[in-house]
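Architecture and fold: a report
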Amino acid sequence: MPPRSRSLGGDESQHHPGAPQSCWQRASASHRSRRQPGTFPAASPAKLPSAGHFPGGPRSAKRYLKKSCAWPYSRKRAGVCAWPRPRAPRQPGLDARARRCPDASPPSQPWHRHLPQMLSFFWLRCLLKMVKGNIIVPEDILSFCCNGLQGSTSAPRAREPGEQEEAPGAMASAPAAHNPTEVQMSQLVQPCHTNHRGELSTGQLLKWIDTAACLSAERHAGCPCVTASMDDIYFEHTISQPSASPAGQRDGRSALGVGQVVNIKAKVNRAFNSSMEVGIQVSYEDLCSGKHCSICKAYATFVAQGPMGSKVRLEPVIPQTEEEKIEYSIAAERRRMRLVHKDTLKDLLTSSPQETELETRDGSGAVPAERTRVESVELVLPPHANHLGNTFGGQIMAWMENVATIAASRLCHAYPTLRAIEMFHFRGPSQVGDRLVLKAIVNNAFKNSMEVGVSAEAYGQEMSVSRRHINSAFMTFVVLDQQGQPRTLPMVAPEPGDGERRYREASARNKIRLDRKYVVSCKQTEVPLSVPWDHSNKVYLSYNNVSALKMLVANANWALAREKEKVRMYTLEEDKFLSFRIEMSVCIPASRAFSLLSNLRRRHEWDSHYVSAELVQKVDDDDMIYHVVSQKLRNENKPQDFVILASRRKPCSKGDPYVVAFRSVTLPTHPARPEFTRGETLCSGFCIWPESQEMSKVAYYNQAMPGYLTYVTTNVAGLSSDICSTFEACEKFLLKNKEDLISRLQDF
């Protein structure tokens, strides 16, 4: 008759699924729990079975409860769980382990595999005594104990031949690369979010934009962040109800009513020292038709703040996708454009005539600007503040948009539509309890649009005299008729003094906006090759020049077409253009190669296609304009000439290349002449990456124009080696002039 084991209630029933596990099964489960890092396998009294459920009965339960807060190992039963063992009659032919637990199976791991953990807890008890006695603990003992507590200190098991490592989540596909700073926000448009015309309030939209951007910035920084500025925003569509805005449907604007969704996606494009650029994309979704449409795209700058308002040094952003790499590269150019925006405006005002001339439109009289002045005060309450206690940046922008709309309405006696916002620049914070004074006035009215200047000032107490300037912005409004077309607006008569200054500055900003929209906002294929050059658009032409080259460099579809010794040639076919890239490694520091290749006056020394290059205008240290004369083409009887803008950029951070970008521009002083065939280049230039202190990778990029396609395809197909030979001559030029450049720098 087989031996009978003790059951739960003391009866002699067989072991069933509801019965307790054997001691070896419990020991195996206990061992698995001890293998988890950072867990302590001591049993919790709340999870213990009742006394009647112990195999050894109430007495065994009492003995176990006394040891419930101790490590389950015992000195006598090393490697065996300290749960009470069921007693069984002695059977001949069975070893001691089988007699103690007849229904048990052998453990999967021998007891000596847990010896490092046992020793670690022995040393842990010694550590506690040493700490109490103020005795210094040796570092190797402390490390041994910590390793033992987190798991076995033995080396991982080597895989057998032919055995494959099991990938985590093998049943699921590999997740796509996801930007850890990306924040997605979806807001349902409620009646409280719309204005009297059923359109989504622009102020409410600015709140959502600023909130999503702030969350993305804080996700990267790991600390509180504040809004420093918001770049220009151009609203492509108006979010309104179909029945409330029939004119909006006629001019192609979106029709979105209450109950539809606004989707906002924000992510950090690039982090600088203590500031970062956050890109925001806003679109709407019509839930009934499933239609998606873009509303606007914006760029915001946030600053990370540590304790007591101190600056925090940010970790760099590592772009993953091709789109992120492009945004990362161009973010440095956008930052440069923000920093020089004020200087551009000053230069334009200096070069423009000082007198103010008022034009007449159909004999209509001008409206005094004083009639459009608006002043309003707001008390900052806790709902208006962010988690830092400062006034929420989006709330300030919403208040500013509100007073600007009132000022614009007083000029046109109609309900205006906001079309563009020029940069919000926060000059300081405000807190809960502050009073914000918001001022707005129409600075200038053009034929179909008007500019409203708005500012925000803060003061702490009602009797306080000093006010802090918080923010300033300029908003452009239009008034639409029944057909959705902009109406002609009345003129504005500026006030003497500051009013005339604001009037002239508004005219300058309007020209800058047109230039920026003409050069920067258009697609690359829609921009004319030779854009007219003047001081008002020099910043944006330079930005477009460098960003176009960086976008070409960041493209991931380059294909190796030819390789000759150290020279490698790649091609890229997209849209209507065929681009080529040629690169090689040269034994020269990157900074010296950058200085030599950025000087077009010396290019004829290694490029046989160049005859001469004359420096026409030095815009600044980074931008210069050259008049270049090249050799005759095969099908031409005259040599070609170019007017080229050369933009140089040093690395903004580690890993960035040195950049020398070229594009064609038009100068009034250098029109096309009959003895030359005027040529144009859309996008070309050098990128130089340092590989070591004495080695650099030099790459030349060119978006081939129709006149050069035959020349390029002949070299790509291997029927000619002119491009490779020219680049080899470039290497000799760099090596030859490397030492000359060093001596010149030392003499300087």
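Just so you know, the residues in each chain are numbered from 1, in the order the chain's sequence is written. Reporting of local features is limited, given that this is a predicted model, to residues whose pLDDT is at least 70; pairs of side-chain atoms are given and counted only at 80 or more, and all residues count toward the totals for whole chains, interfaces and linings. Hydrogens and water molecules were not included; the side-chain quantities draw on all heavy atoms of the structure.

This brings us to the overall build of the protein chain. Helix numbering and strand numbering both begin at the N terminus, where a helix is a DSSP run of H or I of at least 4 residues and a strand a DSSP run of E of at least 2. Looking only at helices and strands, the protein chain has 15 helices and 24 strands in total. Between buried and exposed lies partly exposed: a residue is buried under 20% and exposed over 50% of the maximum accessible area for its type, with that area taken using a 1.4 Å probe on protein chains only. The buried share of the protein chain, taken over its 748 residues, is 47%. Note on contacts: a residue pair is in contact if any heavy atoms of the two residues lie within 4.5 Å. Counting only contacts in the protein chain whose residues sit at least 6 apart along the sequence, the fraction spanning at least 24 positions is 67%. Working note: accessible area of the protein chain is about 39,700 Å², and carbon and sulfur atoms make up 53% of it. With residues, only the protein chains shown are counted as cover, and all accessible areas are computed by Shrake-Rupley using a 1.4 Å probe.

Let's shift gears to the packing of aromatic side chains. Only the six-membered ring of Trp is used, alongside the rings of Phe and Tyr, when aromatic pairs are assigned; centres must lie within 6.5 Å, and planes under 30 degrees apart are stacked while those over 60 apart are edge-to-face, with the rest tilted. Under the definition given, this model contains six aromatic pairs. Ring centres of Phe-686 and Tyr-700 lie 5.0 Å apart, and the angle between their planes is 50°; this geometry places the pair in the tilted category. With Phe-686 in strand β23 (residues 684–690) and Tyr-700 in strand β24 (residues 696–704), this pair connects stretches of sequence that are 14 residues apart. Both residues of the pair, Phe-686 and Tyr-700, count as buried. Following the ring pairs from residue to residue traces out a cluster consisting of Phe-580, Trp-606, Phe-662, Phe-686 and Tyr-700. Any Lys NZ or Arg CZ found within 6 Å of a ring centre and within 35 degrees of that ring's normal is scored as a charge over the ring. Cation over ring: Arg-335 sits above Phe-272, and NZ or CZ is 4.5 Å from the ring centre.

Glancing now at the packing of helix α6 (residues 202–221) against helix α10 (residues 393–412). Contact geometry for α6 and α10: axes closest at 8 Å, N-to-C directions at 160°. The orientation of α6 relative to α10 falls into the category roughly antiparallel. The chirality of how α6 crosses α10 is right-handed. Contact residues: Thr-202, Gly-203, Leu-206, Lys-207 and Asp-210 in α6; Gly-393, Gly-394, Gln-395, Met-397, Ala-398 and Glu-401 in α10. To obtain an axis, a line is fitted to C-alpha atoms, over the contacting stretch when the element is a helix, and the angle between two such axes runs from 0 to 180 degrees between their N-to-C directions. By definition in this entry, angles of less than 35 degrees are roughly parallel, angles greater than 145 are roughly antiparallel, angles of 65 to 115 are roughly perpendicular, and the rest are oblique. Helix crossings fall into two classes, left-handed where the near helix is turned counterclockwise from the far one by less than a right angle and right-handed where it is turned clockwise.

What follows concerns the nonpolar core. Residues belong to a common nonpolar core when they are buried Ala, Val, Leu, Ile, Met, Phe, Trp, Tyr or Cys residues joined through side-chain atoms within 4.5 Å. Counting residues in each nonpolar core, the largest one holds 73 residues, and the members touching the most others are Met-276, Ile-280, Phe-424 and Met-450. For this core, the leading source of residues is α10, giving 10 residues. Those residues in contact with Ile-280 that lie beyond four places of it in its chain are Ile-209, Ala-213, Ile-264, Lys-265, Ala-266, Cys-296, Lys-297, Ala-298, Tyr-299 and Ala-300. Grouped together as the second largest cluster of nonpolar side chains are 38 residues, Leu-578, Met-584, Ala-646 and Phe-662 included.

Our focus in this paragraph is the confidence of the model for the protein chain. The predictor rates its confidence in each residue with pLDDT, a number between 0 and 100. With 66% of its residues at a pLDDT of at least 70, the protein chain reaches an overall mean of 74. Contacts from residues 1–19, a stretch scored under 50 in pLDDT, to residues over four places away or in other chains number 16 contacts. Every residue in residues 64–89 is under pLDDT 50, and counting partners more than four places away or in other chains gives 50 contacts.

Our focus in this paragraph is the pattern of salt bridges. Basic side-chain nitrogens of Lys or Arg form a salt bridge, by our definition, when they fall within 4 Å of a carboxyl oxygen of Asp or Glu. Under the defined criterion, the tally for this structure stands at 29 salt bridges. When the shortest N-O distance is used, the salt bridge between Arg-373 and Glu-370 registers 3.2 Å. For the salt bridge of Arg-602 with Glu-605, the shortest nitrogen-to-oxygen distance reads 3.1 Å. Look at the salt bridges and you will find they share partners, linking Asp-231, Glu-277, Lys-297, Glu-327, Arg-334 and Arg-338 into a network.

For this text, the term disulfide refers to a pair of cysteine sulfurs within 2.5 Å. Tallied over the entire structure, the rule returns zero disulfides. Unpaired in terms of disulfides, Cys-687 finds its nearest cysteine sulfur in Cys-683, a separation of 9.3 Å.

One can find Asp-656 in the loop between β20 (639–649) and β21 (658–666). Asp-656 sits in the buried class, given a relative accessible area of 13%. Here Asp-656 is in contact with Arg-270, Tyr-328 and Pro-651, once residues within four sequence places are set aside.

Turning our eyes to something else, we now look at the side chain of Ser-579. Its location among the elements puts Ser-579 in strand β17 (residues 577–586). The contact partners of Ser-579, leaving out residues within four places of it in the chain, are Leu-552, Trp-558, Tyr-570, Thr-571, Leu-572, Asn-702, Gln-703 and Ala-704.

We now examine the environment of Asp-620. By secondary structure assignment, the location of Asp-620 is in the loop between β18 (610–618) and β19 (623–632). Residue class for Asp-620 comes out partly exposed when judged on its relative accessible area of 29%. Looking at Asp-620, its side chain comes within polar contact range of the main-chain nitrogen of Asp-622, at 2.9 Å. What qualifies as a polar contact is a pair of N or O atoms within 3.5 Å, subject to a donor-acceptor requirement within protein and to the restriction that residues adjacent in sequence count only when both atoms come from side chains.

As judged from the five bridges shared by strand β2 (residues 225–230) and strand β6 (residues 292–304), these two strands associate in the antiparallel manner. Each bridged residue has a counterpart across the sheet, and for Met-230 the counterpart in β6 is Ala-300. Pairing between strands requires that DSSP locate at least two bridges from one strand to the other. Judged from the 11 bridges that link them, strand β5 (residues 275–285) and β6 form a sheet pairing that is antiparallel. The partner of Gly-279 across the bridge, within β6, is Tyr-299.

Tracing the backbone through its elements, the reader meets Glu-422 in strand β9 (residues 417–426). Separated by 91 residues in the primary sequence, Glu-422 and Arg-513 place their C-alpha atoms 8.8 Å from one another. Beyond its immediate stretch of four places on either side in the chain, Glu-422 contacts Asp-232, His-341, Ala-473, Phe-474, Arg-509 and Arg-513.

Looking now at the packing of helix α8 (residues 322–339) against helix α12 (residues 538–553). Put simply, α8 and α12 touch, their axes get as near as 9 Å, and they point 165° apart. Considered as vectors, α8 and α12 are oriented roughly antiparallel to each other. The hand of the α8/α12 crossing is right-handed. Touching Ile-326, Ser-329, Ile-330, Ala-332, Glu-333, Arg-334, Arg-336 and Met-337 of α8 are Val-539, Tyr-540, Ser-542, Tyr-543, Val-546, Ser-547, Lys-550 and Met-551, all from α12. Class assignment of the residues belonging to the contact of α8 with α12 gives a composition of nine nonpolar, three polar and four charged. Under the grouping applied here, Gly and all other residues not named as nonpolar or charged are polar, the nonpolar ones being Ala, Val, Leu, Ile, Met, Phe, Trp, Tyr, Cys and Pro and the charged ones Asp, Glu, Lys and Arg.

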